[in-house]
Amino acid sequence: MKLKIAKLPGDGIGPEVVAQAVKVVDAVCARYGHEVEYREALVGACAIDATCSAYPEETHRICLESDAVLFGAVGDPKYDNDPTAKVRPETGLLAMRKQLGLYANLRPVETFKSLVHKSPLKEDLVDGADFLCVRELTGGMYFGAKGREDGGDTAYDTNIYHRFEIERILKLAFEYARRRRRHLTVVDKANVLESSRLWRQIAKEMEPQYPDVQVDYMFVDNAAMKLITGPKFFDVLVTENTFGDILTDEASCVSGSMGLLASASVGEHTSLFEPIHGSYPQAAGKNIANPLATILSAAMMFEYAFGLMKEGAAIRKAVTESIDNNIVTEDLAGSGKAYSTSEVGDWVASNIR
Ligand code: IPM
Ligand code: MN
């Protein structure tokens, strides 16, 4: 198969971790006889520096013309403490999500047997946890009307959701639940928020179409607690954009490191694959960041974008073996030897070849 991949390393540790995923993609393609073509493009702070836009038109065109987007991270501390900045690196990611119509962010949370003792949570609580967070990605407070009034002393963000946005994300979540353990948890704040009440209303309307799926409803504050007191409760969890952002960082603790959580964003145009950890500027350029989340995102890319399941499985197997053999970066190494980002990438790639 011929695979056209848009490569968007972005900022911070993005370039380092994406470079490792590329090694792994190349190894898989060599082993299974696929031809791969990369087109690199700018997004985030590096794009602002070069073009004054965080998501340049050229980058959008390259994404549209590709079969998948492999993305690193965006963000730069120089913008974080400047509330007056006109453009921000994060705007690039949000524009990309919106313009590619990526309304669903799929964040699987799994545990690795040899890592359960590294989780900040008790081993028996996390051992065997395996769930999928489905986060709505192009609506809610992130994209609703926002602004300042009173000469800047009043600020607002609007948490707005339309029926079609809720229906399409719930449909996807119901379908994923069907392919898994048929248990869907709809997370909202319906005791307070009107938008949540609409989510719940629509979910209840859709329930009869999926009689084989057991649905429960949970308030987000309760879900935040349940994720750490009983993560094995969950199979598929679906929620709105902001709640999903917060809950998935929390959920990453279940696997032991944020450096392990991969994600796929899917929707109307080219799907995008990215680690959830962000740009981690303190580690940028040091060759210490964990590349496994990006490598696992590449596995999701083979599975979700190309329908190449064996290839995805080969990557997962090599990642599990690297962890089992303690070929891991400092976030997972504990008192053992910490390998560098590129050493872990090389090990996983050569294990596939
Ligand atoms: C994420 C990130 C982004 C988000 C930021 C970088 C805009 O935290 O993908 O979870 O808030 O969605
Ligand atoms: Mn986030």
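Throughout, residues of each chain are indexed from 1 in the direction in which the sequence is written. Chains and ligands are labelled sequentially in the order written, the chains with letters from A and the ligands with numbers from 1. It should be noted that, the model being predicted, local features are given only for residues of pLDDT at least 70 and side-chain atom pairs only at 80 or more, the latter also being counted only at that level, while totals for whole chains, interfaces and linings use all residues. The basis for every side-chain value is the complete set of heavy atoms in the structure, and neither hydrogens nor water enter the calculation.

A. Local environment of the domain arrangement of the protein. Looking at the assigned domains, one finds that the protein contains domain 1 (1-103 + 265-353) and domain 2 (120-255). For each domain, the first and last residues come from an automatic or database assignment. For domain 1 versus domain 2, the separation of C-alpha centres amounts to 25 Å. The interface of domain 1 with domain 2 comprises ten residues on the first partner and 13 residues on the second. Taking both sides of the interface into account, the surface hidden between domain 1 and domain 2 amounts to around 1,100 Å²; carbon and sulfur atoms contribute 64%. The contact criterion used is simple: two residues touch if any of their non-hydrogen atoms lie within 4.5 Å. Throughout, the accessible surface (probe 1.4 Å) given up by two parts as they are put together, summed over both, is called the buried area.

B. Representation of the packing of helix α9 (residues 220-229) against helix α10 (residues 241-255) in the model. Where α9 meets α10, the axes come as close as 9 Å, and the angle between the chain directions of the two elements is 15 degrees. Classified by the angle their axes make, α9 and α10 are roughly parallel. In this structure, α9 crosses over α10, and the sense of that crossing is right-handed. Across the interface between the two elements, V220, A223, A224, L227 and I228 from α9 touch F243, L247, E250, A251 and V254 from α10. For the contact of α9 with α10, the class distribution of residues is nine nonpolar, no polar and one charged. Structural elements are reduced to axes, namely lines fitted to C-alpha atoms, with helices fitted over the stretch in contact, and the angle between N-to-C directions of any two is expressed from 0 to 180 degrees. Secondary structure is summarised from DSSP: a helix means a run of H or I of at least four residues, a strand means a run of E of at least two, and numbering begins at the N terminus for each. Any angle from 65 to 115 degrees is called roughly perpendicular, while one under 35 is roughly parallel, one over 145 is roughly antiparallel, and all others are oblique. Crossing handedness follows the turn of the near helix against the far one: under a right angle anticlockwise gives a left-handed crossing, and clockwise gives a right-handed one. Polarity classes work like this: nonpolar for Ala, Val, Leu, Ile, Met, Phe, Trp, Tyr, Cys and Pro, charged for Asp, Glu, Lys and Arg, and polar for all others, with Gly in that last group.

C. Structural detail: the site of ligand 1. Proximity is defined per residue: any heavy atom of the residue falling within 4 Å of a molecule or strand makes that residue near it. Around ligand 1, a shell composed of E90, L93, R97, R107, R135, Y142 and D245 is seen. Polar contacts, as counted here, are pairs of nitrogen or oxygen atoms within 3.5 Å of one another; within protein the pair requires one atom able to donate a hydrogen and one able to accept it, and residues that are adjacent in sequence qualify only if both atoms are side-chain atoms. A distance of 2.8 Å separates an oxygen atom of ligand 1 from a polar side-chain atom of R135. Calculation on ligand 1 without its partners gives an accessible area of 320 Å², and the protein chains cover 78% of this total. Top element by residues in the shell around ligand 1 is helix α5 (residues 89-99). It accounts for three residues. Looking at the shell around ligand 1, its residues break down into two nonpolar, no polar and five charged. Built from parts of two domains, the shell around ligand 1 gets at least three residues from each of domain 1 (1-103 + 265-353) and domain 2 (120-255). Here the accessible surface of atoms and residues is derived via Shrake-Rupley with a 1.4 Å probe, and residues count as covered only by protein chains that are part of the display.

D. Region of interest: the environment of A224. In this fold, A224 is placed in helix α9. Whether a residue is buried, partly exposed or exposed follows from its accessible area with a 1.4 Å probe, protein chains only, as a fraction of its type maximum: under 20%, in between, or over 50%, in that order. Note on A224: relative accessible area 26%, which makes it partly exposed. Considered as a pair, A224 and A73 are 151 residues apart in the sequence and their alpha carbons are 25 Å apart. Non-local contacts of A224, meaning those with residues more than four positions away in its chain, are made with L247 and E250.

E. Main features of the pairing of strand β6 (residues 146-149). DSSP bridges decide pairing: two strands pair if at least two such bridges lie between them. Relative to strand β7 (residues 154-157), β6 runs antiparallel, the two sharing four bridges. Bridge pairing links E149 to T154 in β7.

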